[in-house]
Amino acid sequence: MKLKIYFEEAYNELVHKVSWPTWKELQNSAFIVMVASFIIALIVFLMDISFETIMNFVYSLFY
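As the structure is a computational prediction, the values presented were derived from the model and not from experiment.

In this model, helix H1 (residues 2-17) (16 residues) spans 21 Å end to end at C-alpha, consistent with the 22 Å of a helix rising 1.5 Å per residue. H1 sits mainly on the outside: zero of its 16 residues count as buried.

As a further point, take the UniProt feature "transmembrane region" (unreviewed entry) in the protein. Taken from the UniProt record, the annotation "transmembrane region" (unreviewed entry) applies to residues 29-47. The annotated region residues 29-47 carries 100% helix and 0% strand content, and the separation between its end C-alpha atoms amounts to 27 Å.

Once that is clear, we can look at the packing of aromatic side chains. In this structure the tally under the stated criterion is one aromatic pair. With a centroid separation of 5.5 Å and 65° between ring planes, the pair formed by Tyr6 and Phe7 is classed as edge-to-face. Under the relative-accessibility criterion, Tyr6 is labelled exposed at 52%.

Criteria and thresholds
- Residues numbered from 1 in each chain as written.
- Predicted model: local features only at pLDDT ≥ 70, side-chain atom pairs only at ≥ 80, totals over all residues.
- Heavy atoms only, no water.
- Helix = DSSP H or I, 4+ residues; strand = E, 2+ residues; numbered from the N terminus.
- Expected span 1.5 Å × (residues − 1).
- Buried < 20%, exposed > 50% of the residue type's maximum accessible area, 1.4 Å probe, protein only.
- UniProt positions renumbered as here; feature names shortened; annotations may be inferred.
- Phe/Tyr/Trp six-rings, centres within 6.5 Å; stacked < 30°, edge-to-face > 60°.

So, in structure tokens, the structure goes:
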């Protein structure tokens, strides 16, 4: 019985109390997330290339 009440309350909350974004707001948010993800990936890529170059230089000093 408690499980049934839980699902009824969860459904009621999702339908009546949650404010869902509009389709346009959802698209804008998705675009922002994609751009931010691309920028972060680019920063990590540049850091990786930089550290690789630095480490190759350091290793070349010893060999």
